[in-house]
Every structure is written in C-alpha cells, then in structure tokens.
Amino acid sequence: MAMAQEQDNIPSLTRQEAEEFITQILMEKMPERDVISAKWINRLIKAFHSKVPYQTYVDLNPYVWLRNKQYFRDPDKFLPERWLRSERESTHIHPYILNPFSIGTRMCAGRRFAEQDLYVGLCRLLLKFRLVATDSAPPSQEWRMLLRPKPNIPLRFIPRE
Ligand code: HEM
C-alpha cells in the first residue's frame, strides 16, 4: 500500500487508503466472532453429499472453510490485505465465502448500519487513542454464544496529544 507521507518513521495513509485498510481489517476480524450460522431448512435440500430434510435445524461453522488452506493462503495469519479487491481476484477468494450477515432474502437487514457503526466507531477510537499491545501473544478465546477474548484483550489505550 502506498503511503502518503512519513513522519518519525510512522507511515501515514491518505483518507482513502485508511478507509480501505480499516475495511480490510474488519473483514479479516469479523469471521472470528461469527462462529455459527444457523438455519431452519424450509424445503428438502441436497448438500454435503446428502439430503437435508424439511424442518431440520442446521448450524454451520464457518471456521471449517475460513480456516481452510484450500480456500485461503495462510488462513491462520492476520492478513487484512487478502481482502483487497486485486488480491481477492488474483487468489480467487470466492465472493460469498465471508458472510457474517448471511445471504439471501432473510439476510441481516441492518448490515449497512452495523458496518458503518463499526467503521465510524473504530475511526473515532483510533483518532483519540494509540493502541499498543501489552502482550506478544494473542488472547485465548472462550465460547459464550459467540467467541469472546479471554480474559481481556491485551491492549493499552494511549491518548493522542
Ligand atoms: C456486526 C453486527 C451484525 C451481524 C454480524 C448481524 C448478523 C445477522 C444475521 C446472521 C442475521 C440472520 C440472517 C438470516 O437468517 O439469513 C441477521 C438478521 C437480522 N439483522 Fe443483523 N447483524 C448485525 C447487526 C444488525 C443491526 C445493527 C441491525 C439493525 C439496525 C440488524 C438487524 C437485523 C434484522 C432486522 C434481521 C432479520 C432479517 C430478516 O429476518 O428478514 N442486524 N443479522
């Protein structure tokens, strides 16, 4: 990513670069909370080499494909740039592989609100604070309906001058 200017060896991004980068980070982190996609099947469908009968309750665990080397290069690494359009096209990431808001007629009605909230919230936070990791290892996670960091996210918020 081209940097707009450098000050004290800290790269600065243009507004557009920052927007793209934040979007990529959200896309890279979103699946870590989205561990279950649940559905009542309303008609007989054929899937996974078998027939799924009407009114079956199905839980899908996206980790199976989001952490799969068949679909992603270095799936366990934090690589937000994998979501750049050019990168997605060159590495053939399936356009529907990441769907925390689901897809189809019953997909999340608040998707754009939620995305804007995350985006604006993160930008406001980053404008006010510098975030510094207080541990070199990522926090472990625990299952509480969604996956949550355990015990806390090892981050220090340092107010910007
Ligand atoms: C990161 C935040 C959010 C995530 C990951 C999320 C995810 C989802 C998912 C997976 C569904 C089920 C879709 C399906 O059954 O196919 C859903 C439904 C829904 N969501 Fe969200 N959601 C989020 C935030 C929001 C917000 C902020 C609103 C409202 C402003 C909202 C409103 C709705 C509504 C109304 C439905 C029901 C849609 C329907 O059944 O037709 N969601 N959401």
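Just so it is clear, the structure is predicted and the values come from calculations on it, not from any experiment. (Residues numbered from 1 in each chain as written. Predicted model: local features only at pLDDT ≥ 70, side-chain atom pairs only at ≥ 80, totals over all residues. Heavy atoms only, no water.)

**Q** Let's hear about the pattern of salt bridges: which residues, and what values?
**A** Tallying each qualifying case throughout the model produces four salt bridges. With its nearest N and O atoms 2.7 Å apart, the salt bridge here joins Arg112 to Glu115. One end of the pair, Arg112, and the other, Glu115, are both in helix 4 (residues 111-128), three residues apart, so they sit about a helical turn from each other. Salt bridges sharing common partners tie together Arg111, Arg112 and Glu115. (Salt bridge = Lys/Arg side-chain N within 4 Å of Asp/Glu carboxyl O. Helix = DSSP H or I, 4+ residues; strand = E, 2+ residues; numbered from the N terminus.)

**Q** Can you tell me about the coordination of the iron atom of the ligand, naming the residues and giving the values?
**A** In this structure the iron atom of the ligand is ligated by exactly one protein donor, Cys108 (SG), at 2.2 Å. Residue position: Cys108 is located in the loop between helix 3 (85-90) and helix 4. (Donors = N, O, S within 2.8 Å, 3.2 Å for Na, K, Ca; no water.)

**Q** Account for the nonpolar core, naming residues and giving values.
**A** Counting six residues, the largest nonpolar core is built from Leu66, Phe72, Trp83, Ile93, Ile97 and Leu98. Sequence-distant contacts of Phe72, that is, excluding residues within four places in its chain, are made with Trp65, Leu66, Arg82, Trp83, Ile93 and Ile97. (Core = buried A, V, L, I, M, F, W, Y, C linked by side-chain atoms within 4.5 Å. Buried < 20%, exposed > 50% of the residue type's maximum accessible area, 1.4 Å probe, protein only. Contact = heavy atoms within 4.5 Å.)

**Q** I'd love a proper account of the confidence of the model for the protein, names of residues and values included.
**A** Looking at the protein, the pLDDT average stands at 77 and 84% of residues meet or exceed 70. Mean pLDDT in the protein bottoms out at strand 1 (residues 5-7), which sits at 47, and peaks at strand 10 (residues 155-159), which reaches 93. In the predicted structure, residues 1-6 sits below a pLDDT of 50 and forms 17 contacts with residues beyond four places in sequence or in another chain. (pLDDT = per-residue confidence, 0-100.)

**Q** Summarise unusual backbone geometry; cite the residues concerned and give the values.
**A** Look at Gln55: it is not a glycine, yet its phi comes out positive at around 65°. Classification of Gln55 as exposed rests on a relative accessible area of 53%. Within the chain, Asp74 stands out as a residue other than glycine whose phi angle is a positive 40°. Residue placement: Asp74 occurs in the loop between helix 2 (63-66) and helix 3.

**Q** Which residues make up a nonpolar patch on the surface, and what values go with them?
**A** A contiguous nonpolar patch, built from Leu125, Leu126, Leu131, Ile153, Leu155 and Phe157 and spanning about 460 Å² of accessible area, is present on the exposed surface. Mapped by element, the contributors of at least two residues to the nonpolar patch are helix 4 and strand 10. Turning to its location among the elements, Leu131 is positioned in strand 7 (residues 129-133). Judged by its relative accessible area of 33%, Leu131 is partly exposed. (Patch = residues over 30% accessible without salt bridge, like charges linked within 9 Å, V, L, I, M, F, W, Y side chains within 5 Å. Areas by Shrake-Rupley, 256 points an atom, 1.4 Å probe, with all protein chains shown as cover.)

**Q** Please provide a residue-by-residue account of the environment of Pro159, values included.
**A** Considering the arrangement of structural elements, one finds Pro159 in strand 10. Note on Pro159: relative accessible area 55%, which makes it exposed. Not counting the four nearest positions on each side in its chain, Pro159 is found in contact with Lys128 and Phe129.

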